[in-house]
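# Tertiary structure, described
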Amino acid sequence: MKVFITRKIPVIAKDLLEKNGLSVKEFAKDRAITKEELIRNTKNVDGIISLLTDKIDSSIIDNLKNCKVIANFAVGYNNIDVEYANSKGIIVTNTPDVLTDSTAELTIALILACAKRIPESETFLRDGKFVAWKPQLLLGVELKNKTLGIVGAGRIGREVAKRAKAFGMKIIYFDRNKREEFQNDTGTKKVSLNKLFSTAEVVSLHLPLNEKTHHIINKSNLTLLKKNAIIVNTARGEILNENDLIDLLKQKKIFSAGFDVYENEPNFNKKLLKLDNVVLLPHIGSATIEARNAMAELAAKNVISVLKKNKPITPVLGD
Ligand code: GLV
(Lines give C-alpha, C1' and ligand atoms only; values in the text may rest on other atoms or scores of the structure.)
Protein backbone atom coordinates (compact mmCIF):
# COMPACT_ATOMS: atom_id res chain seq x y z
CA MET A 1 0.00 0.00 0.00
CA LYS A 2 1.14 3.52 -0.82
CA VAL A 3 1.27 6.68 1.26
CA PHE A 4 1.97 10.15 -0.07
CA ILE A 5 3.36 12.90 2.20
CA THR A 6 2.76 16.34 0.68
CA ARG A 7 5.94 17.93 2.08
CA LYS A 8 9.08 16.90 3.91
CA ILE A 9 8.16 16.38 7.59
CA PRO A 10 10.27 14.84 10.41
CA VAL A 11 11.69 11.52 9.19
CA ILE A 12 10.03 9.63 12.04
CA ALA A 13 6.83 9.49 9.94
CA LYS A 14 8.45 7.87 6.90
CA ASP A 15 10.41 5.43 9.11
CA LEU A 16 7.31 4.33 10.97
CA LEU A 17 5.25 3.92 7.80
CA GLU A 18 7.99 1.89 6.11
CA LYS A 19 8.49 -0.29 9.19
CA ASN A 20 4.83 -1.15 8.83
CA GLY A 21 5.30 -2.29 5.26
CA LEU A 22 3.96 0.81 3.53
CA SER A 23 5.62 2.36 0.53
CA VAL A 24 6.16 6.09 1.05
CA LYS A 25 6.60 8.96 -1.38
CA GLU A 26 7.34 12.44 -0.08
CA PHE A 27 6.96 15.61 -2.16
CA ALA A 28 10.60 16.57 -2.49
CA LYS A 29 10.48 20.30 -3.31
CA ASP A 30 10.91 22.94 -0.64
CA ARG A 31 7.62 24.68 -1.37
CA ALA A 32 3.91 24.00 -1.03
CA ILE A 33 2.63 21.44 -3.50
CA THR A 34 0.40 22.79 -6.29
CA LYS A 35 -3.10 21.50 -6.94
CA GLU A 36 -1.99 19.75 -10.14
CA GLU A 37 0.94 18.08 -8.36
CA LEU A 38 -1.34 17.00 -5.54
CA ILE A 39 -3.83 15.46 -7.96
CA ARG A 40 -1.08 13.70 -9.91
CA ASN A 41 0.59 12.26 -6.81
CA THR A 42 -2.47 11.11 -4.89
CA LYS A 43 -4.55 9.41 -7.58
CA ASN A 44 -3.64 5.85 -6.59
CA VAL A 45 -2.43 6.16 -3.01
CA ASP A 46 -4.04 4.48 0.00
CA GLY A 47 -3.21 7.21 2.48
CA ILE A 48 -2.10 10.85 2.54
CA ILE A 49 -0.29 12.94 5.14
CA SER A 50 -1.30 16.51 4.32
CA LEU A 51 -0.30 19.95 5.58
CA LEU A 52 -2.49 22.87 6.60
CA THR A 53 -1.35 24.62 3.42
CA ASP A 54 -2.91 21.91 1.20
CA LYS A 55 -6.47 22.71 0.22
CA ILE A 56 -8.15 19.32 0.01
CA ASP A 57 -11.57 20.08 -1.42
CA SER A 58 -14.07 17.96 -3.35
CA SER A 59 -12.10 18.31 -6.60
CA ILE A 60 -9.07 16.66 -4.98
CA ILE A 61 -11.14 14.10 -3.10
CA ASP A 62 -13.05 13.06 -6.26
CA ASN A 63 -9.75 12.22 -7.86
CA LEU A 64 -8.70 9.74 -5.15
CA LYS A 65 -9.21 6.15 -6.25
CA ASN A 66 -8.01 4.10 -3.25
CA CYS A 67 -7.49 6.55 -0.43
CA LYS A 68 -8.81 5.50 2.98
CA VAL A 69 -7.20 8.12 5.19
CA ILE A 70 -6.05 11.74 5.08
CA ALA A 71 -3.91 12.51 8.13
CA ASN A 72 -3.48 16.26 8.52
CA PHE A 73 -0.14 17.29 10.03
CA ALA A 74 -1.88 19.99 12.16
CA VAL A 75 -4.54 20.28 14.81
CA GLY A 76 -6.63 22.61 12.63
CA TYR A 77 -8.30 20.91 9.67
CA ASN A 78 -10.14 23.77 7.97
CA ASN A 79 -8.06 23.02 4.85
CA ILE A 80 -9.95 19.76 4.30
CA ASP A 81 -13.57 19.23 3.28
CA VAL A 82 -14.01 16.64 6.03
CA GLU A 83 -17.70 16.04 5.45
CA TYR A 84 -17.13 15.33 1.76
CA ALA A 85 -14.14 13.07 2.50
CA ASN A 86 -16.21 11.14 5.07
CA SER A 87 -19.05 10.78 2.55
CA LYS A 88 -16.57 9.05 0.22
CA GLY A 89 -15.48 6.67 2.99
CA ILE A 90 -12.23 8.51 3.71
CA ILE A 91 -11.26 9.04 7.33
CA VAL A 92 -9.67 12.38 8.25
CA THR A 93 -7.40 12.75 11.27
CA ASN A 94 -5.48 15.62 12.91
CA THR A 95 -2.71 16.02 15.51
CA PRO A 96 -4.25 17.34 18.74
CA ASP A 97 -2.56 17.39 22.19
CA VAL A 98 1.02 16.96 20.94
CA LEU A 99 1.28 20.64 19.95
CA THR A 100 -0.74 22.12 22.80
CA ASP A 101 2.23 23.09 24.99
CA SER A 102 4.23 24.48 22.09
CA THR A 103 1.34 26.68 20.95
CA ALA A 104 0.45 27.76 24.49
CA GLU A 105 4.08 28.77 25.13
CA LEU A 106 4.21 30.71 21.85
CA THR A 107 0.99 32.49 22.80
CA ILE A 108 2.48 33.57 26.12
CA ALA A 109 5.63 34.69 24.29
CA LEU A 110 3.50 36.78 21.93
CA ILE A 111 1.56 38.34 24.80
CA LEU A 112 4.82 39.23 26.55
CA ALA A 113 6.40 40.52 23.34
CA CYS A 114 3.40 42.86 22.90
CA ALA A 115 3.23 43.93 26.54
CA LYS A 116 6.97 44.63 26.81
CA ARG A 117 7.37 45.87 23.22
CA ILE A 118 10.26 43.47 22.74
CA PRO A 119 10.66 43.45 18.91
CA GLU A 120 10.23 47.23 18.76
CA SER A 121 12.83 47.69 21.52
CA GLU A 122 15.31 45.41 19.81
CA THR A 123 14.87 47.21 16.49
CA PHE A 124 15.41 50.50 18.33
CA LEU A 125 18.74 49.24 19.68
CA ARG A 126 19.88 47.69 16.39
CA ASP A 127 19.09 50.98 14.65
CA GLY A 128 21.63 52.69 16.92
CA LYS A 129 19.00 54.71 18.78
CA PHE A 130 19.94 53.57 22.29
CA VAL A 131 21.95 56.61 23.27
CA ALA A 132 20.70 57.14 26.80
CA TRP A 133 18.51 55.52 29.46
CA LYS A 134 15.27 57.48 29.54
CA PRO A 135 12.46 57.42 32.11
CA GLN A 136 9.80 57.33 29.41
CA LEU A 137 11.54 55.14 26.86
CA LEU A 138 9.49 52.30 25.32
CA LEU A 139 7.02 51.95 28.17
CA GLY A 140 5.05 48.73 28.16
CA VAL A 141 2.26 47.37 30.31
CA GLU A 142 2.19 44.87 33.18
CA LEU A 143 0.21 41.65 33.17
CA LYS A 144 -0.24 41.27 36.92
CA ASN A 145 -3.83 41.89 38.06
CA LYS A 146 -4.96 42.33 34.46
CA THR A 147 -7.72 40.18 32.97
CA LEU A 148 -7.00 37.67 30.23
CA GLY A 149 -9.96 36.81 28.01
CA ILE A 150 -9.62 33.42 26.34
CA VAL A 151 -11.75 33.10 23.22
CA GLY A 152 -12.14 29.36 22.64
CA ALA A 153 -11.48 27.37 25.81
CA GLY A 154 -10.24 24.12 24.32
CA ARG A 155 -6.90 22.44 24.95
CA ILE A 156 -4.64 25.33 23.91
CA GLY A 157 -6.79 28.07 25.48
CA ARG A 158 -6.76 26.16 28.73
CA GLU A 159 -2.97 25.81 28.83
CA VAL A 160 -2.55 29.52 28.04
CA ALA A 161 -4.90 30.39 30.91
CA LYS A 162 -3.00 28.14 33.34
CA ARG A 163 0.29 29.82 32.44
CA ALA A 164 -1.23 33.31 32.65
CA LYS A 165 -2.43 32.57 36.16
CA ALA A 166 1.23 32.24 37.19
CA PHE A 167 1.64 35.88 36.12
CA GLY A 168 -1.15 36.89 38.50
CA MET A 169 -3.71 37.45 35.74
CA LYS A 170 -7.44 37.02 36.22
CA ILE A 171 -9.09 34.82 33.62
CA ILE A 172 -12.43 34.96 31.81
CA TYR A 173 -13.49 32.98 28.76
CA PHE A 174 -15.92 32.76 25.89
CA ASP A 175 -16.78 29.48 24.20
CA ARG A 176 -19.77 28.03 22.39
CA ASN A 177 -20.00 25.43 25.17
CA LYS A 178 -19.55 25.50 28.91
CA ARG A 179 -16.04 24.14 29.56
CA GLU A 180 -15.97 22.34 32.92
CA GLU A 181 -12.25 21.45 32.81
CA PHE A 182 -11.32 25.01 31.91
CA GLN A 183 -13.49 26.34 34.71
CA ASN A 184 -11.99 23.92 37.25
CA ASP A 185 -8.42 24.82 36.25
CA THR A 186 -8.95 28.56 36.23
CA GLY A 187 -11.82 29.06 38.69
CA THR A 188 -13.66 31.19 36.20
CA LYS A 189 -16.96 31.53 34.36
CA LYS A 190 -18.05 31.79 30.77
CA VAL A 191 -18.99 35.30 29.60
CA SER A 192 -20.44 36.66 26.35
CA LEU A 193 -18.03 37.69 23.60
CA ASN A 194 -18.95 41.36 24.08
CA LYS A 195 -18.46 41.16 27.85
CA LEU A 196 -15.05 39.56 27.29
CA PHE A 197 -13.93 42.29 24.88
CA SER A 198 -15.10 45.10 27.17
CA THR A 199 -13.53 43.56 30.30
CA ALA A 200 -10.21 41.95 29.33
CA GLU A 201 -6.93 43.83 28.95
CA VAL A 202 -5.46 40.86 27.06
CA VAL A 203 -7.51 38.83 24.58
CA SER A 204 -6.16 35.56 23.17
CA LEU A 205 -7.88 33.76 20.29
CA HIS A 206 -8.07 29.95 20.24
CA LEU A 207 -11.12 29.10 18.14
CA PRO A 208 -11.09 26.61 15.28
CA LEU A 209 -11.90 28.07 11.87
CA ASN A 210 -15.25 27.08 10.42
CA GLU A 211 -18.33 28.77 8.96
CA LYS A 212 -19.50 29.86 12.39
CA THR A 213 -16.20 31.39 13.46
CA HIS A 214 -15.16 33.10 10.21
CA HIS A 215 -14.71 36.83 11.07
CA ILE A 216 -16.35 36.27 14.46
CA ILE A 217 -13.87 38.87 15.69
CA ASN A 218 -14.64 42.14 13.91
CA LYS A 219 -15.40 45.82 14.45
CA SER A 220 -18.44 45.05 16.58
CA ASN A 221 -16.36 43.44 19.35
CA LEU A 222 -12.91 44.93 18.63
CA THR A 223 -14.19 48.47 19.25
CA LEU A 224 -15.17 47.40 22.79
CA LEU A 225 -11.50 46.87 23.69
CA LYS A 226 -9.87 49.23 26.18
CA LYS A 227 -7.14 51.64 25.17
CA ASN A 228 -4.49 49.56 26.99
CA ALA A 229 -5.70 46.27 25.51
CA ILE A 230 -3.59 43.65 23.71
CA ILE A 231 -5.04 41.04 21.36
CA VAL A 232 -3.13 38.02 20.07
CA ASN A 233 -4.07 35.38 17.50
CA THR A 234 -2.33 32.01 17.38
CA ALA A 235 -5.38 30.16 15.99
CA ARG A 236 -6.40 30.91 12.38
CA GLY A 237 -6.20 34.26 10.61
CA GLU A 238 -9.70 34.08 9.14
CA ILE A 239 -11.48 34.13 12.51
CA LEU A 240 -10.45 37.79 12.71
CA ASN A 241 -11.39 40.59 10.34
CA GLU A 242 -7.82 41.81 9.85
CA ASN A 243 -8.78 45.13 8.23
CA ASP A 244 -11.01 46.01 11.18
CA LEU A 245 -8.15 45.34 13.60
CA ILE A 246 -5.65 47.25 11.43
CA ASP A 247 -7.98 50.30 11.51
CA LEU A 248 -8.03 50.18 15.29
CA LEU A 249 -4.25 49.77 15.53
CA LYS A 250 -3.62 52.62 13.09
CA GLN A 251 -5.70 54.95 15.21
CA LYS A 252 -3.90 53.67 18.38
CA LYS A 253 -7.27 52.72 19.87
CA ILE A 254 -5.63 49.72 21.60
CA PHE A 255 -2.12 49.08 22.93
CA SER A 256 -0.99 46.41 20.48
CA ALA A 257 -1.69 43.15 18.67
CA GLY A 258 0.29 39.96 18.16
CA PHE A 259 -0.18 37.84 15.05
CA ASP A 260 1.08 34.33 14.41
CA VAL A 261 -1.57 33.68 11.76
CA TYR A 262 -3.08 35.79 8.96
CA GLU A 263 -6.15 35.92 6.77
CA ASN A 264 -4.26 35.18 3.61
CA GLU A 265 -1.11 33.22 4.40
CA PRO A 266 1.62 33.56 3.36
CA ASN A 267 0.51 36.71 1.52
CA PHE A 268 -0.28 38.62 4.69
CA ASN A 269 -1.66 42.14 4.62
CA LYS A 270 1.35 44.40 4.00
CA LYS A 271 -0.32 47.27 5.86
CA LEU A 272 0.74 45.42 9.00
CA LEU A 273 4.41 46.15 8.25
CA LYS A 274 3.75 49.87 8.56
CA LEU A 275 2.51 49.57 12.16
CA ASP A 276 4.79 49.81 15.18
CA ASN A 277 2.19 48.45 17.62
CA VAL A 278 2.15 44.91 16.24
CA VAL A 279 4.29 41.80 16.70
CA LEU A 280 4.34 39.64 13.57
CA LEU A 281 5.35 35.97 13.50
CA PRO A 282 5.31 33.50 10.56
CA HIS A 283 2.84 30.85 11.86
CA ILE A 284 5.20 29.10 14.28
CA GLY A 285 2.79 27.98 17.03
CA SER A 286 3.72 24.31 16.77
CA ALA A 287 7.27 24.95 15.58
CA THR A 288 9.26 23.14 18.24
CA ILE A 289 11.40 20.05 17.67
CA GLU A 290 9.31 18.17 20.23
CA ALA A 291 5.92 19.10 18.79
CA ARG A 292 6.82 18.58 15.12
CA ASN A 293 8.33 15.13 15.83
CA ALA A 294 5.25 14.15 17.82
CA MET A 295 2.96 15.48 15.07
CA ALA A 296 4.81 13.40 12.45
CA GLU A 297 4.58 10.30 14.64
CA LEU A 298 0.87 10.78 15.34
CA ALA A 299 0.02 11.44 11.69
CA ALA A 300 1.88 8.27 10.66
CA LYS A 301 0.21 6.22 13.40
CA ASN A 302 -3.19 7.41 12.23
CA VAL A 303 -2.42 6.30 8.68
CA ILE A 304 -1.12 2.92 9.86
CA SER A 305 -4.16 2.31 12.11
CA VAL A 306 -6.65 3.01 9.33
CA LEU A 307 -4.77 1.02 6.69
CA LYS A 308 -4.53 -1.93 9.10
CA LYS A 309 -8.29 -1.63 9.52
CA ASN A 310 -8.02 -0.45 13.13
CA LYS A 311 -9.69 2.64 14.53
CA PRO A 312 -7.95 5.97 13.81
CA ILE A 313 -6.33 7.46 16.92
CA THR A 314 -7.46 11.06 16.46
CA PRO A 315 -10.22 11.26 13.83
CA VAL A 316 -12.11 14.47 13.11
CA LEU A 317 -15.64 15.00 11.87
CA GLY A 318 -17.07 17.79 9.74
CA ASP A 319 -18.50 20.75 11.70
C1 GLV B 1 -1.25 24.78 13.21
O2 GLV B 1 -1.64 25.85 12.91
C3 GLV B 1 -2.10 23.67 13.44
O4 GLV B 1 -3.32 23.74 13.23
O5 GLV B 1 -1.57 22.62 13.84
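Residues numbered from 1 in each chain as written. Predicted model: local features only at pLDDT ≥ 70, side-chain atom pairs only at ≥ 80, totals over all residues. Heavy atoms only, no water.

## A short note on the domain arrangement of the protein
Parsing the protein into structural domains produces domain 1 (2-96 + 288-309) and domain 2 (100-280). On a C-alpha basis, the centres of domain 1 and domain 2 stand 32 Å from each other. At the boundary of domain 1 with domain 2, total buried surface from both sides reaches about 530 Å², with 53% on carbon and sulfur atoms. Counting across the interface, domain 1 meets domain 2 through zero salt bridges. Summed over the shared surface of domain 1 and domain 2, the number is one residue pair in polar contact (both at pLDDT 80 or more). (Domains from an automatic or database assignment. Buried area = accessible area lost by both parts, 1.4 Å probe. Salt bridge = Lys/Arg side-chain N within 4 Å of Asp/Glu carboxyl O. Polar contact = N/O pair within 3.5 Å; in protein donor to acceptor, adjacent residues only side chain to side chain.)

## What to know about the nonpolar core
Core analysis: the biggest nonpolar cluster contains 47 residues, and Ile9, Leu17, Ile49, Leu148, Ile150 and Val303 have the highest contact counts within it. In terms of residues, this core owes the most to one element, helix 12 (residues 289-307), which gives nine residues. Each of two domains, domain 1 (2-96 + 288-309) and domain 2 (100-280), supplies a minimum of three residues to this core. Excluding residues within four positions of it along the chain, Leu148 makes contact with Ile111, Val160, Ala161, Ala164, Met169, Lys170, Ile171, Ile172, Ala200, Val202 and Ser204. (Core = buried A, V, L, I, M, F, W, Y, C linked by side-chain atoms within 4.5 Å. Buried < 20%, exposed > 50% of the residue type's maximum accessible area, 1.4 Å probe, protein only. Helix = DSSP H or I, 4+ residues; strand = E, 2+ residues; numbered from the N terminus. Contact = heavy atoms within 4.5 Å.)

## Section: the pairing of strand 4 (residues 69-72)
Burial along strand 4 is two-sided: the face carrying Val69 and Ala71 and the face carrying Ile70 and Asn72 are both buried. With four bridges connecting them, strand 3 (residues 47-50) and strand 4 associate as parallel partners. Paired with Ile48 across the strands is Ile70, a residue of strand 4. Two strands pair when backbone bridges link them, and strand 4 and strand 5 (residues 91-93) are joined in this way by three bridges, in the parallel orientation. When the sheet's bridge partners are listed, Ala71 is paired in strand 5 with Thr93. As a crossover connection, the stretch from strand 4 through helix 4 (residues 82-87) into strand 5 is right-handed. (Pairing = 2+ DSSP bridges. Right-handed = clockwise from strand over helix to strand, strands pointing away.)

## Re the site of the ligand
Close to the ligand lie Leu52, Ala74, Val75, Gly76, Leu99, Arg236 and His283. Between the ligand and Val75 there is a distance of 2.7 Å, counted from an oxygen atom to a backbone nitrogen or oxygen. The side chain of His283 places a nitrogen or oxygen atom 2.6 Å from an oxygen atom of the ligand. Its free accessible area being 190 Å², the ligand has 90% of it covered by the protein chains. Here the shell around the ligand is built from residues that sort into four nonpolar, two polar and one charged. (Near = heavy atom within 4 Å. Areas by Shrake-Rupley, 256 points an atom, 1.4 Å probe, with all protein chains shown as cover. Nonpolar A, V, L, I, M, F, W, Y, C, P; charged D, E, K, R; others polar.)

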